[in-house]
Amino acid sequence: MNNPITARYPSNIALVKYWGKHGNQLPCNASLSMTLSQAYTEVNLFLQDKKSEEPEFTFLFNGKPKESFRQRILKYILKQKEFSGLLEDYALHIESQNSFPHSAGVASSASAFAAIAAALLKASQGDETDFPEQQASRLARLGSGSACRSFYGPFALWGKLKDIPDSNDEFAIRLGDIHENFQNMRDSILIVEDKSKSVSSSLGHSLMEGHPFAESRFKQANNHCMDMLKVLKDGDFQSFIYITEREALSLHAMMMTSREYFMLMQPETVKIIDEVKRFRVDTGLPLCYTLDAGPNIHLLYPKTIEDEITPFVNNFLHNHTIKSMINDYSGRGGIIS
Ligand code: PMV
């Protein structure tokens, strides 16, 4: 086998959530995320000699064939004109692995499609040019919307905001001008439920069509993005906490009030939310939570208060409120070689 192209890209956690899409994977509102470090997907792409005229594509996930993923990725490759030529010239073989367990409350499609799009783009470009990150972000979006944000860190913005010149719906952009308070953020991911208990995002996005609160939700998210841009620049923890927690609960409120509804929070999720609030009031420390489309909790805080937060978090492990924990932190994006 020839040397593979290796792409390692992290997941990201949205602070302002993307929920609702239209057209070709375009968002109904802007979203803003923190890029992670330890939760990543590594993809090795091998270009092999073809044996037939038909597209040849094999796929291993964590070392084993996974037919459902293989089909989804093959469909994705065939649909992108930048990539479909590769299937005419080569037999493609992809080996993909995640650094984190499946269904751990980490958006695996974000890191997976960022890594897959990056590897395929590198293969289709050859070695001559600098790696076109913006194009990679756009192509990753077509696999999974949130994947387009994994190219830039520590924070990325995706979606057109009329007062932010470079912002657009096609790809994400890196946020510059981040106050030192937010340069080194921690994300302790508390696993309340490790079995698959999340809403498929395609179903979730589609339930925003005709949702009674859709228009106000899209407006709220765009306003939150604008507010968050200022907060990240000014270093204002109090507003960061306010927006982040409001976003988490707004996402779940949308799910609970759609025509097919989901209540994904578990009793432990609510208990932890309560305890985080109490801890914050008692200590005055800037600790807050966010949620993805599942019951697990992301606890966000600056590295400077890690020593005070660790015993609080470990307590959830000791008294079995949570099953496990992933210690992550903000990062700068991926690596391709
Ligand atoms: O990228 P998708 O289509 O899997 O949607 C992601 C949706 C959320 O994770 C719930 C929110 C977000 O902005 O990441």
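Residues numbered from 1 in each chain as written. Predicted model: local features only at pLDDT ≥ 70, side-chain atom pairs only at ≥ 80, totals over all residues. Heavy atoms only, no water.

A. Highlighting the pairing of strand E7 (residues 91–98). In terms of residue burial, E7 counts as a mostly covered element, since 6 of its 8 residues are buried. Of the strand pairs in this sheet, strand E4 (residues 31–48) and E7 are connected by 8 bridges, and their pairing is antiparallel. Across the sheet, Leu 45 pairs through a bridge with Ile 94, a residue of E7. As defined by bridge partners, strand E5 (residues 56–61) adjoins E7 across 6 bridges and the pair is classed as parallel. Across the sheet, residue Thr 58 finds its bridge partner in E7, namely His 93. (Buried < 20%, exposed > 50% of the residue type's maximum accessible area, 1.4 Å probe, protein only. Helix = DSSP H or I, 4+ residues; strand = E, 2+ residues; numbered from the N terminus. Pairing = 2+ DSSP bridges.)

B. Inspection of the state of the cysteines at higher detail. Applying the stated criterion across every chain yields a total of 0 disulfides. For the unlinked cysteine Cys 225, the closest cysteine sulfur is that of Cys 148, found at 12 Å. (Disulfide = S-S within 2.5 Å.)

C. Representation of the environment of Asp 89 within the structure. Among the structural elements, Asp 89 can be located in helix H2 (residues 81–89). Residues Asp 89 and Gly 333, spaced 244 residues apart in sequence, show a C-alpha to C-alpha distance of 30 Å.

D. Representation of the packing of helix H1 (residues 67–79) against helix H3 (residues 108–125) in the model. With their axes 12 Å apart at the nearest point, H1 and H3 run at an angle of 45° to one another. As the angle between them shows, H1 and H3 are arranged oblique. Taken as a pair, H1 and H3 cross one another with a handedness that is right-handed. Each of Arg 72, Ile 73, Tyr 76 and Ile 77 in H1 lies in contact with H3, whose residues at this interface are Phe 113, Ile 116, Ala 117 and Leu 120. Taken together, the residues of the contact of H1 with H3 break down into 7 nonpolar, no polar and 1 charged. (Axes fitted to C-alpha atoms, helices over the stretch in contact; angles between N-to-C directions. Parallel < 35°, antiparallel > 145°, perpendicular 65-115°, else oblique. Left-handed = near helix turned anticlockwise from the far one by under 90°. Contact = heavy atoms within 4.5 Å. Nonpolar A, V, L, I, M, F, W, Y, C, P; charged D, E, K, R; others polar.)

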